[in-house]
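Report on the structure
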Amino acid sequence: MLTTHELTRKFGELTAVDHLSVSVAAGEIFGLIGPNGAGKTTSIKMLTTLLPPTSGTAEVAGYDIVRHPEQVRRNIGYVPQLISADAQVTGYENLWVFARLYLIPRAERDRRIRDALEFMGLSAVADELVKNYSGGMIRRLEIAQALLHRPRALFLDEPTVGLDPMARDAVWEQIERLRERFGTSIVLTTHYMEEADRLCGRVAVMHRGKMVALGKPSELKASLGRPGASLEDVFVHYAGAEVELSGGYREAGRTRRVAVRLE
Amino acid sequence: MSLSVSSNAVRGTGGAGPFERVGDFVRQTVAIVGYEARKLSHDPSELLFRVVQPALWLVIFGGVFSTIHAIPTGSYSYLQFLTPGILAQSVLFIAIFYGIASIRERELGIITKFLVSPTPRFVLVGGRGLSASMRGLSQALIVVLLAIALGVQLNLTVLGLLGVVLAIVLGSALFSTLSMIIASIVKTQERFLGIGQLLTMPLFFASNAIYPLSIMPRWLQYFALANPLTYLVDALRILMLPNGTGLFPLYVDLAVLFFVTLGLILVESRLYPRMAQ
């Protein structure tokens, strides 16, 4: 479903993603973890055609991200870390514009929108302005929008950042149902090890642009050779010492803004 | 629930003929304009506030300058001369800050969703430019009604009004695309508002909106001729005034507006995707 070959992105001197080679199978939920600035979001931006790679290639849903970006876009869904639902219109209208941009035929449009809203448990609030939604509802609306055109691969960048535990649980359930029902491949980034542990078939640990570990959560934990090791221990083992050095003001501001807006 | 797994292809995954492609572009453009219309319909307060400024210009500025006969306006009264100028000015003022929406959408994350959809960049940008004309047209309605209330003689034929609509659509698209270009370059609200303020007055004064080119010093005339607002004012004067004549033939005015807009859309189509990087 998705394969990268030596995928690399530089920003000036900084190598944000450094020769990333990885494959994600159809129907797999694949986690990217690592400290801020490890290259998770940059990787996703390249795979979703928002950012051209400096070198290397990737294929998503059978299409090269550089040579056929429009074909890739037809076949993927993306929920960015920042808020992407528009507060000025209703939930239905948020989906309506994308149903039209994805050229879903008129006869099917309304049914697809209603189905996606129902699948995400938003039917009751479909005609309310999104500015009155709770944080969990906004996230679910964003996922509903990304599902409208039945993407083969779905990219979720920190899908539960800023959500309270109940809302987080609801989003997790929807993600699992989504994979079960449609066999969608899902790539997600997260800072919550609990999330990676629960959802992901495999997890890649990124650090300074490189993939430093890859495997099932159970394998990664076992690889530490300590009984009772958690995924948190895996994270700290590979990236822990540097956590406080990365990110920076801008990133901190963005993350907090998302958290505040979703509350 | 009747979602089926197999029908994941949306429609025509490429290989469609050129006519179908063009049809898709039109449908996507209409989608964007329709979406912006829905946004406006949920909160039309902006349009209401916009009544004030053209009213002040027409009633106070126009009123005072009519009485002193300081500006040579040929066979037209000063208010007649001024009305198309104030309309063009309102279109400029409302469009030049349109880019603030892209900055807001970038700070949120909305922009990325549009950019990962299979909508060509020039459709995303052109659609937004066309959407801005809804605001411009609301100004036209206000200015024309005000002018009628003030007893200004206007050429109110159907053909003339259709021409006014076309000129305003072009003018709005032009200045709102320029605004989006500025937004794509400066990226922050503070800098954007600063540059917007900096631009509006020179564009307004270095144009034929409130006085004819003929009374300007020569150097200012050159600026005015390079200023797209001059062509918008000129077109509106030809269309709105009884037996209106302009500096240029109407088709020249409209062609200038059209090609400048097209150029700006192409530039912004390159810059816009960087807002998500």
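In this numbering scheme, every chain counts its residues from 1 along its sequence in written order. Labels are handed out in written order, letters beginning with A for the chains and numbers beginning with 1 for the ligands. Given that this is a predicted model, residues contribute local features only at a pLDDT of at least 70 and side-chain atom pairs are listed and counted only at 80 or more, while totals for whole chains, interfaces and linings are drawn from all residues.

For the rest of this paragraph, the subject is the sheet that holds strand 4 (residues 55-60) of chain A. Residue and element names in this part refer to chain A. DSSP bridges decide pairing: two strands pair if at least two such bridges lie between them. In DSSP terms, a helix is any run of H or I states spanning at least four residues, a strand is any run of E spanning at least two, and both are numbered starting from the N terminus. If you trace the four strands from one edge of the open sheet to the other, you get 2-1-4-5, paired in antiparallel fashion. At either end of the open sheet lies a strand with only one pairing partner, and these are strand 2 (14-24) and strand 5 (63-64). For the purpose of contact definition, each residue receives a C-beta atom placed from its backbone, and two residues are in contact when these atoms lie within 7 Å. Working convention: axes come from line fits to C-alpha atoms, limited for helices to the stretch in contact. Angles between N-to-C directions cover 0 to 180 degrees. Helix 1 (residues 40-47) contacts strand 1 (2-11), strand 2 and strand 4 of the sheet and is inclined by roughly 65° relative to strand 2.

When a protein is soluble and globular, its nonpolar side chains tend to lie buried together. Counting residues in hydrophobic clusters, the biggest one holds 155 residues, and the most contacted among them are Val60, Leu95, Ala144 and Val187 of chain A together with Ala167, Leu232 and Leu236 of chain B. At 13 residues, the largest contribution of residues to this core is made by helix 8 (residues 158-186) of chain B. Those residues within four positions of Ala144 of chain A in sequence are excluded, and the remaining contacts are Leu95, Ala116, Leu117, Phe119, Met120 and Leu122 of chain A. The nonpolar core is taken to be a set of buried Ala, Val, Leu, Ile, Met, Phe, Trp, Tyr and Cys residues joined by way of C-beta atoms within 7 Å. Burial in this document is a count-based property: other C-beta atoms within 10 Å of a residue's C-beta are tallied, and the residue is buried at 20 or more, exposed at 12 or fewer, or partly exposed in between, with C-beta positions derived from the backbone.

Right, let's talk about the interface of chain B and chain A for a bit. Listed as interface residues are 31 residues of chain B and, on the opposing side, 39 residues of chain A. Breaking the side of chain B that touches chain A down by element, the ones donating at least two residues are helix 1 (18-42) and helix 6 (110-115) of chain B. Within the side of chain B that touches chain A, the residues separate by chemical class into twelve nonpolar, twelve polar and seven charged. Any residue that is not Ala, Val, Leu, Ile, Met, Phe, Trp, Tyr, Cys, Pro, Asp, Glu, Lys or Arg is counted as polar, Gly included; the first ten are nonpolar and the last four charged.

Residue and element names in this part refer to chain A. A sheet is described by the order of its strands in space; here six strands give the open sequence 6-7-8-3-9-10, paired in mixed fashion. Only two strands of the sheet have a single partner each, and these edge strands are strand 6 (76-79) and strand 10 (210-215). Averaged over neighbouring strand pairs, the angle between their axes works out to 15° when direction is ignored. As defined by bridge partners, strand 6 adjoins strand 7 (residues 153-157) across four bridges and the pair is classed as parallel. In the strand pairing of strand 7, Tyr78 is matched with Phe155.

Next up on the list: the pairing of strand 1 of chain A. Residue and element names in this part refer to chain A. As judged from the seven bridges shared by strand 1 and strand 2, these two strands associate in the antiparallel manner. Looking at the pairing, Thr3 lines up with Ser23 of strand 2. Count of turn residues in the strand 1/strand 2 antiparallel hairpin: two residues, of which Gly12 carries a positive phi of about 60°. Bridge count for strand 1 against strand 4 is five bridges, and the pairing is antiparallel. Paired with Thr4 across the bridge in strand 4 is Ala58.

A few words now on the packing of helix 7 (residues 121-149) of chain B against helix 12 (residues 250-271) of chain B. All names here are of chain B. Where helix 7 contacts helix 12, the axes come no closer than 9 Å and their chain directions differ by 130°. Considering their axes alone, helix 7 and helix 12 lie oblique with respect to each other. Both helix 7 and helix 12 take part in a crossing whose hand is right-handed. Packed against helix 7, whose contacting residues are Arg121, Phe122, Val125, Gly126 and Gly129, the element helix 12 presents Thr261, Ile265, Leu266, Glu268 and Ser269 at the interface. Split into classes, the residues belonging to the contact of helix 7 with helix 12 amount to four nonpolar, four polar and two charged. Angles are sorted into four bins: roughly parallel if under 35 degrees, roughly antiparallel if over 145, roughly perpendicular if 65 to 115, and oblique for all others. Two helices that cross are described as forming a left-handed crossing if the nearer one is turned anticlockwise from the farther one by less than a right angle, and a right-handed crossing if clockwise.

Let us look at the pairing of strand 7 of chain A. Here is the key point about a regular strand: its side chains alternate between the two faces of the sheet. Of all five residues in strand 7 of chain A, five are buried, a share of seventy percent or more. Burial along strand 7 of chain A is two-sided: the residues Ala153, Phe155 and Asp157 of chain A and Leu154 and Leu156 of chain A are all buried.

We now examine helix 3 (residues 52-68) of chain B. Residues and elements named next belong to chain B. The terminal C-alpha atoms of helix 3, which comprises 17 residues, lie 24 Å apart, in line with the 24 Å expected from a rise of 1.5 Å per residue. The complete set of buried residues in helix 3 reads Pro54, Trp57, Leu58 and Gly62. Elements in contact with the buried residues of helix 3: helix 4 (78-95) and helix 7. Positive backbone phi, approximately 50°, marks His69, located one or two places after helix 3. What a helix is expected to span follows from its residue count: subtract one and scale by 1.5 Å.

It is worth spelling out the confidence of the model for chain B at this point. All names here are of chain B. What pLDDT expresses is the predictor's confidence in each residue, scored from 0 to 100. Per-chain confidence: chain B averages 90 in pLDDT, with 94% of residues scoring 70 or above. Contacts from residues 1-14, a stretch scored under 50 in pLDDT, to residues over four places away or in other chains number 23 contacts. Predicted as a complex, the structure gets a pTM of 0.88 and an ipTM equal to 0.88.

Right, let's get into the packing of helix 3 of chain B against helix 4 of chain B. Residues and elements named next belong to chain B. Where helix 3 meets helix 4, the closest approach of the two axes is 10 Å, and the angle between their N-to-C directions is 150°. Looking at the two axes, helix 3 sits roughly antiparallel to helix 4. Handedness of the crossing formed by helix 3 with helix 4: right-handed. Contacts from Gln53, Pro54, Trp57, Leu58, Gly62, Phe65 and Ser66 in helix 3 reach Tyr78, Leu79, Leu82, Thr83, Ile86, Ser90 and Phe93 in helix 4. When the residues that make up the contact of helix 3 with helix 4 are grouped by side-chain class, the tally is nine nonpolar, five polar and no charged.

Residue and element names in this part refer to chain B. Looking at the secondary structure, you find Ser133 in helix 7. Assessed through the 25 C-beta atoms surrounding it within 10 Å, Ser133 is described here as buried. Residues Ser133 and Gly171, spaced 38 residues apart in sequence, show a C-alpha to C-alpha distance of 7.9 Å. The contact partners of Ser133, leaving out residues within four places of it in the chain, are Ile168, Val169, Ser172 and Ala173.

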